[in-house]
Amino acid sequence: MPKVRVELFIAYPPTSLCEKLMKMARGVVEEFGENVELQIYQRGIPYNVEPTRGFQRVRKTVKIPAILVDGDLLAERGVPSEDELRAAISKKLGEKSNYFSKR
Amino acid sequence: MKRMRLLWLKPKRTAEALATEEAILRLRLEGKSPSTLCFWRGEKCLNLGFNPVREKVNFPLCEELGIPVCRRQSGGGVIYQESGNLNYSLIAKKGELSLSNGFRSIGEAIDSAVVSALRAIGLDARLMAKGGAEVNGKKISGSAQFMLWDSLIHHGVIAVDTNVEMIYELLPLSKVKVTTVERELGRRVNFEELADKIINEFARALGVEFCLGVVADEEVSLVNELLRLKYLSCEWTRVDKCQKLEWNSS
């Protein structure tokens, strides 16, 4: 099953709010083990990986720091709660699991 | 009336001025720095916008002349910086600026204030459609904006006594015709006098009062960190050879 991707868009170098978001996201993503991956993009610095289409769509307009789960914007200019992030990841994992079990 | 700090920066390099703007912005977000209007003049430098069209720049000439290159946070074109330019930067929380004269945006208010200041010293200046000011169909001032959270940097440059021929040589593909304040007036202009006019117009347009201040120690520390991590790093500037010149001149 493909992984769920959590993407962070932060300032370069990170602001205090960006640091807070990174710390929170790293902790939550770790709970889900290998099923979830975290990518961090810094504004103005070339990306090492191809971002999701969802990220590419909002890249120029989104307010940093921002967090997306599988291309869907979860929060911008702030840090969502850990529970909000867990719920968003679980939802995406559920969708992927259903899709692949039906095939 | 709201008060804002006024700073006269004396950066050795353009990168230092850009780092100072960002340090103030970051500390403003955390409530540690006041909203600030800065004026500065810098040494020779090519100041690239956030997404510059690099093909337009004559980098070999830059290297030959030892002109360093830096990249700013805001968008817009390439600026040839030198001591003949007067630069201003307004760093503030968006909500604390009252647009008193019916302006639709802060950018429009500030650009209009610059036009008024230029008219006050005797120029027939006009607002350009894409921002900035022109005199007799030639660009004399440009500006750009960058926002982080609820705060912004609005910075701009006025060509007072700039070497216009050098701009055309460094940016040979640019179609923008440029002029300077002194060229249009046909006389020498005092930078402080022009800055005073701008301060008065900004105060009127934004409904604030400016008070002369100094750069705080915490701001200086962050400036040094931003220079090291960002504005003097090849990772940010993405121009290797010219950037080395900036390092060597430090």
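Only a predicted model underlies this, so the values are computations on that prediction, with no experimental measurement involved. (Residues numbered from 1 in each chain as written. Chains lettered and ligands numbered in written order. Predicted model: local features only at pLDDT ≥ 70, side-chain atom pairs only at ≥ 80, totals over all residues.)

1. What to know about the overall build of chain B
Phase 1 of the analysis: Scanning chain B for helices and strands turns up nine helices and 11 strands.
Phase 2 of the analysis: The C-alpha atoms of chain B give a radius of gyration of 17 Å, which matches the 18 Å a tight globule of 250 residues would have.
Phase 3 of the analysis: With the C-alpha coordinates aligned to their principal axes, the bounding extent of chain B is approximately 50 × 45 × 30 Å.
Phase 4 of the analysis: Considering chain B as a whole, with its 250 residues, one finds that 45% of them fall into the buried category.
Phase 5 of the analysis: Once local pairs closer than 6 in sequence are excluded, the contacts in chain B between residues at least 24 apart make up 72%. (Helix = DSSP H or I, 4+ residues; strand = E, 2+ residues; numbered from the N terminus. Rg over C-alpha atoms; globule rule 2.2 N^0.38 Å. Buried ≥ 20, exposed ≤ 12 C-beta atoms within 10 Å, placed from the backbone. Contact = placed C-beta atoms within 7 Å.)

2. Here's the deal with the confidence of the model for chain A
Phase 1 of the analysis: Residue-level pLDDT values for chain A average 93, and 95% of them are 70 or greater.
Phase 2 of the analysis: The lowest-confidence element of chain A is helix α3 (residues 82–102) of chain A, averaging 87 in pLDDT; the highest-confidence one is strand β3 (residues 66–69) of chain A, averaging 98. (pLDDT = per-residue confidence, 0-100.)

3. Describing the interface of chain B and chain A
Phase 1 of the analysis: At the junction of the two partners, chain B supplies 10 residues and chain A supplies eight residues.
Phase 2 of the analysis: Only α1 (14–29), α7 (217–231) and α8 (234–237) of chain B provide two or more residues apiece to the side of chain B that touches chain A.
Phase 3 of the analysis: Across the side of chain B that touches chain A, the residue classes tally to six nonpolar, no polar and four charged. (Nonpolar A, V, L, I, M, F, W, Y, C, P; charged D, E, K, R; others polar.)

4. Comments concerning the packing of helix α3 (residues 106–120) of chain B against helix α6 (residues 191–206) of chain B
Residue and element names in this part refer to chain B.
Phase 1 of the analysis: Look at α3 against α6: their axes get within 8 Å of each other, and the N-to-C directions meet at 140 degrees. Judged by the inter-axis angle, α3 sits oblique to α6. Crossing of α3 against α6: the hand is right-handed. Facing A109, I110, S112, A113, V114, S116, A117 and A120 of α3, the residues of α6 in contact are L194, K197, I198, E201, F202, A205 and L206.
Phase 2 of the analysis: Broken down by class, the residue content of the contact of α3 with α6 amounts to 11 nonpolar, two polar and two charged. (Axes fitted to C-alpha atoms, helices over the stretch in contact; angles between N-to-C directions. Parallel < 35°, antiparallel > 145°, perpendicular 65-115°, else oblique. Left-handed = near helix turned anticlockwise from the far one by under 90°.)

5. A closer look at α6(B)
All names here are of chain B.
Phase 1 of the analysis: Between its first and last C-alpha, α6 extends 22 Å over 16 residues, near the 22 Å set by a 1.5 Å rise per residue.
Phase 2 of the analysis: Those residues of α6 that are buried lie in contact with β2 (36–40), β6 (85–93), α3 and β11 (208–212).
Phase 3 of the analysis: With its phi angle positive at about 65 degrees, G207 sits one or two positions after the end of α6. (Expected span 1.5 Å × (residues − 1).)

6. Concerning the confidence of the model for chain B
Phase 1 of the analysis: In the predicted model, chain B carries a mean pLDDT of 90, and 93% of its residues have values of at least 70.
Phase 2 of the analysis: For this predicted complex, the interface score ipTM comes out at 0.83, while the overall pTM is 0.89.

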